[in-house]
Amino acid sequence: MYKIAVISDIHGEYDLFLKLLNSIKFSSNDKMIICGDIIDKGPFSIKLLKHIRAHSNMCFIMGNHEYDFLKFYNSIMQKLEDNFNVNEVLEKINSYFDDEETLTWDDLEWLEKQQYYYEEEDFICVHAGARLNNNNELISLEENDINWLVYDRSFKDPNLVINNSKCVFYGHTPTSYLINKPEIITYPKNNNPSSIKDYYKIHLDLGVWLHGVLGCFCVETCKSYYVEK
């Protein structure tokens, strides 16, 4: 069966990510939407990035860790002289990571092209948050400043209800900070949710670097799936 799975904050846990894909029987006919922060904290940031980049059925949106890395990358590029040494510059850029593999110029170009939100008919994906109007309605994502999309933490408030919106997936803050365990938190609109339309928001970040647990949410079944180290 074709499925869409949504995940966030994998943070370099390449092996655990592959374990999760195997657990949900993820195939080339399925789609994985990754809500940012694939790099830092874990041991295989670059290996994970390359794996995601190589799969056309994996849709990645930017998180604050990628955004901060691009700031570092751009600061290096802006200081270059006309006769810069390509290999030396690439080595300096890769000094950001403590990985065995290295980023290529193609990897960097790919990362720069990634979007900061994702939208389908029944749901929206951001890394952290988005601006709401005075009625707690989501404003157009195109009008959102990047800083809201990658840094804002207002969505983590359990009492925040997003009105007149599709379901919003987000990560950025480990759910264990709210419920003392690494589980995906769902906020249904009623007592018997049967589809993704029946949810206000879904909080995805399990703090994998804290607990060794990684999980995703399947849009079709409205169920969460987990693996652990």
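The coordinates are above.
This section reports on the structure supplied with the text.

What counts and what doesn't
- Residues numbered from 1 in each chain as written.
- Predicted model: local features only at pLDDT ≥ 70, side-chain atom pairs only at ≥ 80, totals over all residues.
- Heavy atoms only, no water.
- Helix = DSSP H or I, 4+ residues; strand = E, 2+ residues; numbered from the N terminus.
- Buried < 20%, exposed > 50% of the residue type's maximum accessible area, 1.4 Å probe, protein only.
- Contact = heavy atoms within 4.5 Å.
- Areas by Shrake-Rupley, 256 points an atom, 1.4 Å probe, with all protein chains shown as cover.
- Lys, Arg positive; Asp, Glu negative; His and termini not counted.
- Charge placed at Lys NZ, Arg CZ, Asp CG, Glu CD.
- Salt bridge = Lys/Arg side-chain N within 4 Å of Asp/Glu carboxyl O.
- Pairing = 2+ DSSP bridges.

### Examining the overall build of the protein chain
Alright, step 1. Across its full length, the protein chain carries eight helices and ten strands.
Alright, step 2. Expressed as lengths along the three principal axes of its C-alpha atoms, the size of the protein chain is roughly 65 × 40 × 35 Å.
Alright, step 3. Each of the 229 residues in the protein chain was classed as buried or not, and the buried ones make up 51%.
Alright, step 4. Counting only contacts in the protein chain whose residues sit at least 6 apart along the sequence, the fraction spanning at least 24 positions is 69%.
Alright, step 5. Surface accessibility of the protein chain: about 11,400 Å² in total, with carbon and sulfur atoms responsible for 43%.
Alright, step 6. Each charge sign in the protein chain was given a centre, from 22 positive and 35 negative side chains, and these centres are 5 Å apart.

### Some points on the side chain of D198
Alright, step 1. For D198, the position within the fold is in the loop between β7 (185-188) and β8 (199-203).
Alright, step 2. For the buried residue D198, which engages in no salt bridge, the nearest side chain bearing the opposite charge is K189, 6.7 Å off.
Alright, step 3. For D198, the residues in contact, after removing those within four places along its chain, are P188, K189, N190, N192 and P193.

### Structural notes on the sheet that holds β7
Alright, step 1. Strand order in this open sheet of five strands is β4-β5-β6-β8-β7, and the pairing throughout is mixed. Two strands in the sheet have a free side with no partner beyond their single neighbour: β4 (118-119) and β7.
Alright, step 2. In this structure, strand β5 (residues 123-125) lies alongside strand β6 (residues 167-170), joined through three bridges in parallel fashion. Opposite F123, over in β6, you have C167 as the bridge partner.

### Considering the pattern of salt bridges
Alright, step 1. Going through the model one piece at a time under the given rule, you end up with nine salt bridges.
Alright, step 2. E13 serves as the salt-bridge partner of K229, at 3.0 Å between the closest nitrogen and oxygen. With K229 in the segment after β10 (223-228) and E13 in the loop between β1 (4-7) and α1 (14-23), this pair connects stretches of sequence that are 216 residues apart.
Alright, step 3. Overall, K229 belongs to the exposed group, its relative accessible area being 65%.
Alright, step 4. For K166, the salt bridge goes to E119, with nearest N and O atoms at 2.9 Å. On the criterion of sequence distance, the pair formed by K166 in the loop between α6 (146-151) and β6 and E119 in strand β4 is long-range, its members being 47 residues apart.

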